[in-house]
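Take a look at the letters that make up each chain.
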Amino acid sequence: MFSRQSRQVFALVGRRFSSSSSYDLCIIGGGPGGYVAAIKAAQMGLKTVCVERRGTLGGTCLNVGCIPSKSLLHNSHFYHMAHDDDLASRGINVSGVSLDLDKMMSIKDKSVATLTKGIEMLFKANKVDYVKGHGTLTGPNSIKVDLLDGGDQSIEAKNIMLATGSEVMSIPGIELDEEVIVSSTGALKLSKVPERLTVIGGGVIGLELGSVWSRLGSKVKVVEFMDSIGGLGIDAEVAKQFQILLKKQGMEFQLKTKVTGVTKTGGVCKVSTEAAAGGDEQSHEADVVLVCVGRRQFLDNLGLENVGVEMDGRKIKVDHHWRTNVPSIFAIGDIVHGPMLAHKAEDEGCLVSEYLATGKEPHLDYNTVPSVVYTFPEVAWVGKTEEQLKQEGVEYKKGKFVFAANSRAKAVTEQAGFVKVLADKKTDKMLGVHIINNLAGELIGEACVAIEYGAASEDLARVCKAHPTLSEAVKGAAQLAAFGKAINC
């Protein structure tokens, strides 16, 4: 055992460890998957160290992704309500509404700083050692860390978990400068509202950030290669309704279109496009271009080749324990198969930590991992879409309940959207739930529980819900799926 004085030294952020120090688990990556796994492992008695290259914990999600975008989405919605007569339609008359973008950005930055420091406090409280630097595998049980404050150090561990996440990517030939041609990272820190914003990619990230700047006054055009918005996994009926609602808010969509280039001239961008199926080139101008065409696994200088870790394309190949072909090395999150979502990585990290501490077999059904688009209204889903069920040849029944028939939605004049429940035609087992509503991300939770535990749509239809609540719409959709009729529609 280490002396008390040694343990205190090890706990200090950024300090060197002795090259002879040994851990039960070393985690490379301090994002949602890595930091959660580290805390869980320490809580279960494993001596744990987490190596993070960014210098702050929380990964992309907390620093330049999920959290800061939600701050801007939330506050820009209030501005939009005041500026575009939503409040006036509710009998609240305001005048002289103006935007203080610097203040809005400072609130976002404060939220991020508070949460990242909070994780460091959790590390200290749970006795997780934290090293700031870039970790590289040098052997099945060894890591070399290039420290952010200079120098390097070696860490030995019985097991290693790789949780390095992903990073933004661009289209070949389009170089990001994070000022005029920006990724999601740059879009979170623009110094002024662009008059014209072109978003390349109509997936979750592009729609969320496009919504932010549209609400704040930008004329937003979304260029999408596919024939619908929302990205992979969204139900076609949902995507169609979603696009209609965003168009009403002023966003413009150019679908089945390929961007062939972006050039900057005198502070203005020329965006060149052509039909996805081929055709004549067209162009339009934008003051800022936001590129949201996906993310790439971050594996740079990770040292996978040093130990012979097998790959599956761009992702690390793992078994049902999230173990690589090297028995002491595990991998989770965006760098392995499955949806590239923070909450998926968190669950994987916890499961692997539990497995290492107790031997308990890990299990995560990716079909029960929910997805949410945090626009207004929000879009959320879990399980199968109608298109997937048709492709798989599964006979199903559908219950669709519109929020226009929900008393709470009527009372607060937010009636857009619906809940759709899909269930097996023979067994009534729930297969998928899809929601468009301002609180869809919260409402989807009960559907996750229902599908995870194999509930029938009748089970959900018979649960007593508080009245009046938006969740009664979920019950209504379940009633329609189970019985063919609902009480309130």
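Quick note: structure is the one above.
What this report covers is the structure whose coordinates are included nearby. Being a predicted model, the structure only gives us computed values, none of them experimental.

Moving on, we get to the overall build of the protein chain. Check the secondary structure of the protein chain and you find 15 helices and 23 strands. Computed over its C-alpha atoms, the radius of gyration of the protein chain comes to 24 Å, within 12% of the 23 Å expected for a compact globule of 489 residues. Along the three orthogonal principal directions, the C-alpha set of the protein chain runs to about 65 × 65 × 50 Å. Counting all 489 residues of the protein chain, 51% fall into the buried class. For the protein chain, long-range pairs separated by at least 24 residues make up 62% of all intrachain contacts whose partners lie at least 6 apart in sequence. Of the roughly 22,500 Å² that the protein chain leaves accessible, carbon and sulfur atoms contribute 51%. Of the side chains in the protein chain, 55 bear a positive and 57 a negative charge, and the two mean positions are spaced by 3 Å.

Moving on, we come to the layout of surface pockets. Its volume calculated, the second largest pocket comes out at about 530 Å³. For the second largest pocket, the lining is made up of 18 residues, of which D86, Q249, F376, P377 and A416 are closest to its centre. Those elements that provide at least two residues to the lining of the second largest pocket are helix 4 (66-83) and helix 8 (236-248). Counting residues per element, the lining of the second largest pocket draws most heavily on helix 4, which supplies three residues. Residues of the lining of the second largest pocket, tallied by class, amount to five nonpolar, seven polar and six charged.

As for its placement among the helices and strands, K475 is situated in helix 15 (residues 471-483). One buried charged residue, K475, forms no salt bridge at all, with the nearest opposite charge on E472 at 6.8 Å. Every residue in contact with K475, bar those within four places of it in the chain, is listed here: L460, A461, V463, C464 and K465.

Between its terminal C-alpha atoms helix 4 stretches 25 Å, which fits the 26 Å expected from 18 residues at 1.5 Å a residue. When helix 4 is considered as a whole, its buried residues turn out to be P68, S69, S71, L72, L73, N75, S76, H77, Y79, H80, M81 and A82. Those residues of helix 4 hidden inside the fold are in contact with helix 3 (59-64), helix 5 (101-125) and helix 7 (204-215). Of the residues one or two after helix 4, D85 is the one with positive phi, at around 70°.

The strands making up a sheet associate through backbone hydrogen bonding, with each pair oriented either parallel or antiparallel. Strand order in the open sheet formed by three strands is 11-12-13, and the pairing between neighbours is antiparallel. Each of the sheet's edge strands pairs with one partner strand only, and the pair in question is strand 11 (257-265) and strand 13 (282-286). The sheet shows a mean angle of 25° between the axes of neighbouring strands, taken without regard to direction. Here strand 12 (residues 268-275) pairs with strand 13 via five bridges, running antiparallel. By the bridge assignment, S272 is partnered in strand 13 with S283.

Rules used throughout
Residues numbered from 1 in each chain as written. Predicted model: local features only at pLDDT ≥ 70, side-chain atom pairs only at ≥ 80, totals over all residues. Heavy atoms only, no water. Helix = DSSP H or I, 4+ residues; strand = E, 2+ residues; numbered from the N terminus. Rg over C-alpha atoms; globule rule 2.2 N^0.38 Å. Buried < 20%, exposed > 50% of the residue type's maximum accessible area, 1.4 Å probe, protein only. Contact = heavy atoms within 4.5 Å. Areas by Shrake-Rupley, 256 points an atom, 1.4 Å probe, with all protein chains shown as cover. Lys, Arg positive; Asp, Glu negative; His and termini not counted. Charge placed at Lys NZ, Arg CZ, Asp CG, Glu CD. 1 Å grid on protein atoms, 1.4 Å probe; cavity = no way out; pocket = protein on both sides within 12 Å on 5 of 7 lines; lining within 4 Å. Points joined across faces, edges and corners; volume = space filled by probe spheres on them. Nonpolar A, V, L, I, M, F, W, Y, C, P; charged D, E, K, R; others polar. Salt bridge = Lys/Arg side-chain N within 4 Å of Asp/Glu carboxyl O. Expected span 1.5 Å × (residues − 1). Pairing = 2+ DSSP bridges. Axes fitted to C-alpha atoms, helices over the stretch in contact; angles between N-to-C directions.

Keep in mind these values describe shape, not function.
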